[in-house]
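# Structural features, examined
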Amino acid sequence: MKPLDGIVVVSLEQAVAVPYATRLLADLGARVIKIERPVTGDFARDYDTSCGTVSSYFAWTNVGKESVVVDLKQADGIAVVRDLIARADVVMCNLSPAAARRLGLDADSVRAAHPQLVAAELSSYGEGGPYSDRKAFDALIQSETGLVATTGSGPWKARAGISVADIAAGVQLHAAVLAALVRRGRTGEGATLRLTLMEALAEWMHQPALYAHGTGGNPGRHGAHHPTIAPYGPFLCGDEETVHLAVQNDGQWRRLCDLAELTRLADDPRFATVAARVANRDELHAELQPFFSATTADELLAGLDRADVPAARTREVGELMTHPQLVARERWAEVPVPGGAVPMLRPPVDADTWDWTAAEVPELGAHTEKVLAWLDYGTDRIAELRGRGAVG
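Below is a short write-up of the structure. Small disclaimer: the values here were computed from a predicted structure and weren't measured.

Rules used in this analysis
Residues numbered from 1 in each chain as written. Predicted model: local features only at pLDDT ≥ 70, side-chain atom pairs only at ≥ 80, totals over all residues. Heavy atoms only, no water. Helix = DSSP H or I, 4+ residues; strand = E, 2+ residues; numbered from the N terminus. Contact = heavy atoms within 4.5 Å. Pairing = 2+ DSSP bridges. Axes fitted to C-alpha atoms, helices over the stretch in contact; angles between N-to-C directions. Polar contact = N/O pair within 3.5 Å; in protein donor to acceptor, adjacent residues only side chain to side chain. Phe/Tyr/Trp six-rings, centres within 6.5 Å; stacked < 30°, edge-to-face > 60°. Buried < 20%, exposed > 50% of the residue type's maximum accessible area, 1.4 Å probe, protein only. Parallel < 35°, antiparallel > 145°, perpendicular 65-115°, else oblique. Nonpolar A, V, L, I, M, F, W, Y, C, P; charged D, E, K, R; others polar.

## Topic: the environment of Ala-358
Residue position: Ala-358 is located in the loop between β13 (340-345) and α16 (368-374). Through-space distance from the C-alpha of Ala-358 to that of Ala-333 is 6.7 Å; in sequence the pair is 25 residues apart. The contacts of Ala-358, once residues within four sequence positions are left out, are Ala-333, Glu-334 and Val-335.

## Thoughts on the sheet that holds strand β10 (residues 242-246)
On the basis of which strands lie adjacent, the open sheet formed by three strands has the order β9-β10-β11 and antiparallel pairing. Two strands bound the open sheet, and with one partner strand each, they are β9 (232-236) and β11 (311-313). Recorded for the sheet is a direction-independent mean angle of 25 degrees between the axes of neighbouring strands. Both β10 and β11 contribute to a ladder of three bridges, which runs antiparallel. Bridging from a neighbouring strand, Leu-245 pairs with Ala-311 of β11. Strand contacts of helix α13 (residues 281-293): β9 and β10, with the helix running at about 45 degrees to β9, the strand carrying the most contacts.

## Some words on the side chain of Gln-14
Within the fold, Gln-14 resides in the loop between β1 (8-12) and α1 (17-27). Of the polar contacts made by the side chain of Gln-14, one reaches the side chain of Arg-37; its length is 2.3 Å.

## Considering the packing of aromatic side chains
Within this structure, the stated rule accounts for eight aromatic pairs. Ring centres of Trp-253 and Phe-271 lie 6.2 Å apart, and the angle between their planes is 70 degrees; this geometry places the pair in the edge-to-face category. Of the two residues, Trp-253 sits in helix α11 (residues 250-259) while Phe-271 sits in the loop between α11 and α12 (274-279), which places them 18 residues apart along the sequence. Trp-253 sits in the buried class, given a relative accessible area of 1%. For Phe-271, a relative accessible area of 0% gives the class buried. Feature note: the residues Tyr-20, Phe-43, Tyr-47, Tyr-57 and Trp-60 constitute an aromatic cluster, connected by ring pairs.

## As for the pairing of strand β5 (residues 118-123)
Buried residues dominate β5, accounting for six of its six residues. Here β5 shows no split at all, with Val-118, Ala-120 and Leu-122 on one side and Ala-119, Glu-121 and Ser-123 on the other all buried. The pairing of strand β4 (residues 90-93) with β5 spans four bridges and is classified as parallel. Residue Val-90 lies in a different strand from β5, and its bridge partner there is Val-118. Of the pairings in the sheet, the one linking β5 to strand β8 (residues 191-196) comprises six bridges and is parallel in character. Bridging from a neighbouring strand, Ser-123 pairs with Thr-196 of β8.

## Some words on the packing of helix α8 (residues 164-187) against helix α9 (residues 197-204)
For the pair α8 and α9, interaxial distance at closest approach is 8 Å and the crossing angle is 95 degrees. Classified by the interaxial angle, the pair formed by α8 and α9 is roughly perpendicular. On the side of α8, the interface is formed by Val-164, Ala-165, Asp-166, Ile-167, Ala-168, Ala-169 and Gln-172, while α9 contributes Leu-197, Ala-200, Leu-201, Glu-203 and Trp-204. In terms of residue class, the contact of α8 with α9 is built from nine nonpolar, one polar and two charged.

Here it is, written out as C-alpha cells:
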C-alpha cells in the first residue's frame, strides 16, 4: 500500500509548478484527476515533441495522472468540476486568483462548501503589493529574486538551465499538502494553502541574500565556480575533459596540495584560509592549472578519490541516461507516453514499505468517460455533455 492510496486530487493545472507538485503526489499513490481545456489541453503538451507526441516538460510532470477535458467557459463544465471537488480530498489550482474567483473555484469558495478539503493555490506574486496583477513565468521570477544576477560569469548574467522557480514551488506545495493531510487526519479539518512563485524561489535565495546583507556586497559571478569557496569549480584536464572540484575546508585543501605536489601552497598566506583563497582566486587557479593539464580526467579523479578530496566529472545532460551510477542502481524505467515510451527516473526516495511502478502519461481526455462514470453520470448524460462540448 502506498501512503496516499485512496486520496483523490483534482487539479486545475497547466505548465510546470502545480503539475510537478501533483506528479509527486501521484508517485505516492494519490489519484490525480487533471482538468484540461478542450482541443489543446495543458499548453505544456506542445512545448516540443521529444516524448512521443508530447513535450519533455509534459511527460516529466504528468506521469500517472488521469486527463479529463472540461470546458470551464460553460456552466455545465463548471458543474462537472464542482462534482469532482465534492469527491476530492485535495484541490489544486494555478489559474489566476481572479479567474478562479470568477468561476467560483477559488480556495475560499471550495472550502466554504467543503471544509474538510485541502485547497492549494499557486499564483505569480500573490495578492497585495505592486506586483499583484503582473504575470510571471520561471525566468522572470529568476530575474526578480536575484538568481539571474548571481548566475553567469563576469559581466554576463545567465538564467539557470532548468525551471528552478517552478520546481521550488512544486516541491514546497507538495510538502505543504502532505502536512495538511496529516493535520486533517488528526483534526478532521481541511486547510487553505497559498504559495507564490516569487516567494518559493525567494526562499531558495535566502543564503546569497544573507551574504549580501551581512557583507554589504553581492556575490560575484564566477561561472561554474563557487562565489564564496575556492577551489570549487570545473578545471580542464590534459585530455580536454573537465573535473569539478569541491574543496570546502582546509583539510581537503592540504590533501589536494599533497596530491598535486604543491605543498608549498598549503601555508601560503594567499591561500591559507577559504576567504583568502576566494580573494586570490585567479592566482590560485594559475598555480593549480599546470597540474590538471598534465593529467587526464580519469587519472585525476582516481587520485582525488584516494586523497579524499570531493570531485566529479562534468558531463553533458545527454549522458544522464547512461550514467554508470544510475544504470548500476537501475533507476530508469520505461514509461508509456502518447505516441511511444520514454525512460523516466524512479522517484529519488526509496521506501521499504511501498514501491513505485511506472504509470503512463495520459492522452488528452483519455479518462473523461471513466471519471464521469465514477461520478455516477449515466451514459445519456455523458453523451449530452459531450454533445454540448462541455466535456471532451
